[in-house]
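# Secondary and tertiary structure notes
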Amino acid sequence: MRLYATVAAGGFRRHATYRVATVAGVFTNTVFGFVLSYTYMALWDARPGLGGYDQGDALAYVWIGQALITVCGLMGGGFEDELIERIRTGDIAVDLYRPVDLQAWWFAANLGRSGYQLLGRGVVPMLFGAFVFDVTLPARPWTWLAFVASVVCGSVVGFAVWYLVAMSAFWLLDGQGVVQVAWLSGLFFSGMLLPLNVFPGALGEVARLLPWASMLQVPVDVYLGRYAGWGLVRAYGFQLGWAVALLAAGRAVQAAATRKVVVQGG
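Residues numbered from 1 in each chain as written. Predicted model: local features only at pLDDT ≥ 70, side-chain atom pairs only at ≥ 80, totals over all residues. Heavy atoms only, no water.

## A few points about the overall build of the protein chain
What counts, and what does not: Secondary structure elements are taken from DSSP: a helix is a run of H or I of four residues or more, a strand is a run of E of two residues or more, and numbering for both begins at the N terminus. Our radius of gyration is a C-alpha quantity, and the globule rule it is checked against amounts to 2.2 Å times the number of residues to the power 0.38. Type-normalised accessible area, obtained with a 1.4 Å probe on protein chains alone, sets the label of each residue: buried when under 20%, exposed when over 50%, and partly exposed for intermediate values. Areas reported here follow the Shrake-Rupley algorithm with a probe of radius 1.4 Å; residue values treat only the protein chains shown as occluding. The charge count includes Lys and Arg as positive and Asp and Glu as negative, but it does not include His or the ends of the chains. Where a charge sits is defined by one atom per residue type, namely NZ (Lys), CZ (Arg), CG (Asp) or CD (Glu).
A tally of regular secondary structure across the protein chain gives twelve helices and zero strands. A compact globule built from 266 residues would reach a C-alpha radius of gyration of about 18 Å, and the protein chain, at 19 Å, matches this within 12%. Buried residues in the protein chain amount to 47% of all 266 residues. On the protein chain, roughly 12900 Å² of surface is accessible, and the fraction owed to carbon and sulfur atoms is 70%. The average position of the 17 basic charges and that of the 14 acidic charges among the side chains of the protein chain differ by 7 Å.

This is the structure in structure tokens:
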């Protein structure tokens, strides 16, 4: 555990060195937050109560989405390109022969990255949005704690999705096609464009059952206090269920990849 804690701390420090990129990311998230906020305001003026949200809830949705883009990997995990490149060049063979677990190593590194992104690119846009717009804020302090816990669960699901995407490169060699599919899926099914509660009929029902819902829709609803008691437990269970299932799938793919490397190396 000490080794992985060191890897996580290293991931935090690594991304903390890119200060200019962080400032650029904060600026980009804030600009898109403004664009989406005014779009949502016009939409909710025309359709009050859309998706069960009032306008303040919808604005909170916008700014939480901007805060969690990099934290939960809504549009990319932040590590998959590096892992795909190591698979493509064959450097991954060295990683697989190390006396550490490959998935746990990348999970720890991503944990450090997500922690930095939450502080570096998440908090500032959220505060700015709350200052400029009439954003709904939690009425009780414990709601903030419940929200942070949900964000952590969403980040784990995000890592598990992108780890599977990256590991596909063992069989596809160039994983960019899968990356693009995952990017588009995350953009649409996480609710980055519109809350999943707005999606009509069967599309909405299916979208709310997919893992991407764990990354944004569920944390936002926890923030807005739409889950309480056993409802909150079920929300966490939904996120953790996807996390366990996807991490297990990642381990299965990793085991198959290891056997492939051993056979080719032999």
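## As for the packing of aromatic side chains
Cut-off, in case you're wondering: Here the aromatic set is Phe, Tyr and Trp, taking the six-membered ring for Trp, and pairing holds for ring centres within 6.5 Å; pairs whose planes are under 30 degrees apart are stacked, those over 60 apart are edge-to-face, and all others are tilted.
Considering all chains together, one arrives at 19 aromatic pairs under this definition. Plain terms: the ring middles of Phe147 and Tyr223 are 5.3 Å apart, the flat faces sit at 70° to each other, and that makes the pair edge-to-face. One end of the pair, Phe147, is in helix 7 (residues 141-167); the other, Tyr223, is in helix 11 (residues 217-223), with 76 residues separating them in the sequence. Neither Phe147 nor Tyr223 differs from the other in exposure class; each is buried. Summarising the aromatic geometry, the rings of Phe188 and Phe189 are spaced 5.0 Å apart at their centres and angled 90° between planes, so their arrangement reads as edge-to-face. Grouped by ring-pair contacts, the aromatic residues Phe34, Tyr38, Trp63, Phe128 and Phe133 constitute a single cluster.

## Quick notes on helix 4 (residues 80-89)
Residues lying three or four places apart along an α-helix face the same way, a consequence of the helix completing one turn every 3.6 residues. To keep things clear, this is the line we draw: The directions from the helix axis to the C-beta atoms are what the arc is built from. For this analysis, residues touch if any pair of their heavy atoms sits within 4.5 Å.
Of all the residues in helix 4, the buried ones are Glu80, Leu83, Ile84 and Ile87. For helix 4, the buried positions fall inside an angular range of 100° around the axis, keeping them on one side. Taken together, the buried residues of helix 4 touch helix 5 (92-97), helix 6 (102-132), helix 7, helix 8 (169-172) and helix 9 (176-189). Looking one or two residues past helix 4, Gly90 carries a phi angle of roughly 90°, positive in sign.

## Details of the nonpolar core
Here is the rule: For this analysis, a nonpolar core means a set of buried residues of the types Ala, Val, Leu, Ile, Met, Phe, Trp, Tyr and Cys, connected via side-chain atoms within 4.5 Å.
By size, the foremost hydrophobic cluster in this structure holds 42 residues, and its most contacted members are Ile64, Leu68, Leu74, Leu216 and Tyr223. Those elements that provide at least two residues to this core are helix 2 (19-46), helix 3 (55-68), helix 7, helix 11 and helix 12 (230-265). No other element matches the nine residues that helix 3 contributes to this core. For Leu68, the residues in contact, after removing those within four places along its chain, are Gly73, Leu74, Val151, Met215, Leu216 and Pro219.

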